[in-house]
Every structure is written in C-alpha cells, then in structure tokens.
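Residue-level structure breakdown
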Amino acid sequence: QVQLVESGGGLVQAGGSLRLSCAASGLTFSNYAMGWFRQAPGKEREFVAAISSGGRIMNYADSVKGRFTISRDNAKNTVYLQMSSLKPEDTAVYYCAGGERRASLTRVQYDYWGQGTQVTVSS
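Here the structure is a predicted model, which means the values were calculated and not measured.

1. Overview of the overall build of the protein chain
- Helix and strand counts for the protein chain come out as zero helices and 13 strands.
- Listed N to C, the secondary structure of the protein chain is β-β-β-β-β-β-β-β-β-β-β-β-β in terms of helices and strands.
- The globule rule puts the C-alpha radius of gyration for 123 residues at 14 Å, and the 14 Å found for the protein chain is close to it.
- Each principal axis of the C-alpha atoms in the protein chain carries an extent, and together these give about 40 × 25 × 25 Å.
- Among the 123 residues that make up the protein chain, the fraction classed as buried is 39%.

2. What about the packing of aromatic side chains?
- Summed over all chains, the structure comprises five aromatic pairs.
- Judged by centre distance (6.1 Å) and plane angle (55°), the rings of Tyr32 and Tyr112 are tilted. Here Tyr32, found in the loop between β3 (18–25) and β4 (33–39), pairs with Tyr112, found in strand β12 (residues 112–113); they are 80 residues apart in sequence, far enough to count as distant.
- You can call Tyr32 buried: its relative accessible area is 7%.
- Ring geometry for Phe37 versus Phe47: centroids 5.7 Å apart, planes at 75°, classification edge-to-face. Here Phe47 lies in strand β5 (residues 46–51) and Phe37 lies in strand β4, a separation of 10 residues in the sequence.

3. Description of the side chain of Thr117
- With respect to the helices, strands and loops of the structure, Thr117 is situated in strand β13 (residues 117–122).
- Relative accessible area serves as the criterion here: at 11%, Thr117 is assigned to the buried category.
- There is a polar contact of 3.3 Å between the side chain of Thr117 and the backbone nitrogen of Gly9.
- The contact partners of Thr117, leaving out residues within four places of it in the chain, are Glu6, Ser7, Gly8, Gly9, Leu20, Ala92, Val93 and Tyr94.

4. A look at the side chain of Arg72
- Summarising the element assignment, Arg72 is placed in strand β7 (residues 68–73).
- Of the side chains bearing the opposite charge, Asp73 lies closest to the buried Arg72, which forms no salt bridge; the N-O distance is 8.3 Å.
- A distance of 2.8 Å separates a polar atom in the side chain of Arg72 from the backbone oxygen of Tyr32.

5. Quick look at the state of the cysteines
- Taken as a whole, this structure holds one disulfide when the rule is applied.
- Disulfide pairing is shown between Cys22 and Cys96; the S-S distance is 1.9 Å. Between Cys22 and Cys96 the disulfide shows an S-S torsion of about 50°. By sign, it is right-handed. Residue Cys22 is located in strand β3, and its partner Cys96 is located in strand β9 (residues 92–99); the two are separated by 74 residues in the primary sequence. For the pair Cys22 and Cys96, one class covers both residues: buried.

6. Looking at the environment of Gln13
- Counting through the fold element by element, Gln13 comes out in strand β2 (residues 10–13).
- It is 8.3 Å that separates the C-alpha atoms of Gln13 and Thr120, two residues lying 107 residues apart in sequence.
- If we ignore the near neighbours within four places in the chain, the residues touching Gln13 are Val121 and Ser122.

How each quantity is defined
Residues numbered from 1 in each chain as written. Predicted model: local features only at pLDDT ≥ 70, side-chain atom pairs only at ≥ 80, totals over all residues. Heavy atoms only, no water. Helix = DSSP H or I, 4+ residues; strand = E, 2+ residues; numbered from the N terminus. Rg over C-alpha atoms; globule rule 2.2 N^0.38 Å. Buried < 20%, exposed > 50% of the residue type's maximum accessible area, 1.4 Å probe, protein only. Phe/Tyr/Trp six-rings, centres within 6.5 Å; stacked < 30°, edge-to-face > 60°. Polar contact = N/O pair within 3.5 Å; in protein donor to acceptor, adjacent residues only side chain to side chain. Contact = heavy atoms within 4.5 Å. Lys, Arg positive; Asp, Glu negative; His and termini not counted. Salt bridge = Lys/Arg side-chain N within 4 Å of Asp/Glu carboxyl O. Disulfide = S-S within 2.5 Å.

Here it is in structure tokens:
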C-alpha cells in the first residue's frame, strides 16, 4: 500500500522558516509527480506547490512564490517544502500528495495523500 507521511510542522514566528518533509513508500517514487497542499480552518484546500517526477519542473501558488521552495530527493523517496518569510496567513495543515497521471496539461491527478502536518505562524 502507498503511504505518504509528512513531518516538520510546528510553531514559528512570522518571518521565520520551516522545512516540511514527506516520505513516500509503497510506490515507485521517481514515477510520481508530488505536490503540497494546505487547508486552514474554515477554508477549502488550496494548492501550494508541485514538482515533476524528475524534479525538473516546479509550480507554485502565487501566494507562496518567492518564499517557498519545493524539492525532491528520489534516492530518499522524499519531497520537501522549504518555507521562508512565513506569514500568519500561511497557518494551515499542510498535506503532501502524489500522482503519476496528468489531470490536464498542467495539473496532476493526485491519487495519494498524506495525513497532514500542522504549521502555525504567530504574529
């Protein structure tokens, strides 16, 4: 079975940094595009960042562009989200997801999801 496990969440002050990790198992990691999503209380889940299976292409939501960096280490079956210049509005549960098929020319069909990790940014 496929399992995605996020880690690295926590409480940070505004302006600080945090790195999230997502360890994958039960799949051929190098075949999967990976993404990060987040959901704040009372809000819908939103896209944060994605990276292609080979790590050559990255996409970011406008709200995090320039502050967050997605990366992956296929040898470790792990995808990362480096978050810098954090803002209180970044507070959310962050989820990683994986998919091996395209939902459209630019979107991945995410079939597998992690349990989420809480990120809280204090003001």
